[in-house]
Amino acid sequence: MVGGALLDNLAKPTQLLVARRSAPEQLAGLWEFPGGKVEAGETPEAALARELVEELGVSVELGTELKAAHAHGWPLNDRASMRVYFGQISAGQPQPLEDHDELRWMPLSAPEAILALPWIPADLPIVRALLATLGAVVGEGAGLGSHPSVANSKSGNC
Ligand SMILES: Nc1nc2c([nH]c(=O)n2[C@H]2C[C@H](O)[C@@H](COP(=O)(O)OP(=O)(O)OP(=O)(O)O)O2)c(=O)[nH]1
C-alpha cells in the first residue's frame, strides 16, 4: 500500500489534505491518507501518482518518504503495510472522486485537531510521526517550528 501526505506547499507546509473514506462499510466515515495498492511492476511512487489521479483527480509532485520503522512501511494489519510520501498538488483541484466522500485541508498550526479526527486506527502512529517530522508541536498549542525539508532534492517524479 502507498499513501500520500499532501501538503499545500512542500517547501513551506501549512496545511495537510485528509480524506474521509466512503467504503467499505467498516471504514466509512474514517479519515485516511489517499492512496491504495501498489500493482505488480509498479514503483510505490508511480502507484501513488496513479491513485491520486483516480481518487482525487490531481497530479502531484512527490517529496520525501515519511520515514517508517520498516522498509516496507507502516503496518496496517497482519498482512499489509503502507509507505507514505509527502506530496504537493501540481495540477488539478482535489475532489472526492472515488473511495471518499469528503476532503479537508487541515492547518498544521492546529495539530490537535488533526489528531482528533476519527482516523483509521492504524493511521494514528503515521499521523503522529508526520506531525513530528513537520515540527508541529502537539499539546502545547504551538504552531510549526523548524522542520526538516520534506521536498525531494531530485527534481521531477513519476
Ligand atoms: N488508502 C489508504 N488505505 C488505508 C489507510 N490506512 C489503512 O489502514 N488503509 C487500508 C484500508 C484498506 O483496507 C486498504 C486500502 O484499500 P484501498 O481501497 O484504498 O486500495 P485500492 O483502491 O488500491 O483497492 P481496490 O479498491 O483497488 O481493491 O488499506 C490509509 O491511510 N490510506
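Summarised in this report is the structure supplied together with it. Fair warning: this is a prediction, and the values are worked out from it, not measured in the lab.

Here we take up the pairing of strand 7 (residues 81-91). Buried residues dominate strand 7, accounting for eight of its eleven residues. Both strand 5 (residues 59-65) and strand 7 contribute to a ladder of five bridges, which runs antiparallel. Paired with S59 across the two strands is A91, which belongs to strand 7. Judged from the two bridges that link them, strand 6 (residues 74-75) and strand 7 form a sheet pairing that is antiparallel. Bridged to P75 within strand 7 is S81. Hairpin connection between strand 6 and strand 7: a loop of five residues separates the two successive antiparallel strands.

Between its first and last C-alpha atoms helix 1 (residues 44-56) spans 17 Å; for 13 residues at 1.5 Å apiece the expected length is 18 Å, and the two agree. Of the surrounding elements, those touching the buried residues of helix 1 are strand 1 (2-7), strand 2 (15-21), strand 4 (35-36), strand 5, strand 7 and strand 8 (100-107). Just downstream of helix 1, G57 is the residue with a positive phi angle, here 75 degrees.

The rules behind the values
By convention here, each chain's residues receive numbers from 1 onward along its written sequence. Local features in a predicted model are, by the rule used here, given only for residues with pLDDT of at least 70; side-chain atom pairs are given and counted only at 80 or more, and totals for whole chains, interfaces and linings are based on all residues. Note that water and hydrogens are dropped before the side-chain values are worked out from all heavy atoms of the structure. Burial status follows relative accessibility: with a 1.4 Å probe on protein chains alone, a residue under 20% of its type maximum counts as buried, one over 50% as exposed, and anything between as partly exposed. We count a stretch as a helix when DSSP gives it H or I for four or more residues in a row; a strand needs E for two or more, and each element gets its number in order from the N terminus. The pairing criterion is simple: DSSP has to find at least two bridges between the two strands. Working rule for helices: expected span equals 1.5 Å times residues minus one. By the convention used here, residues are in contact when the closest approach between their heavy atoms is within 4.5 Å.

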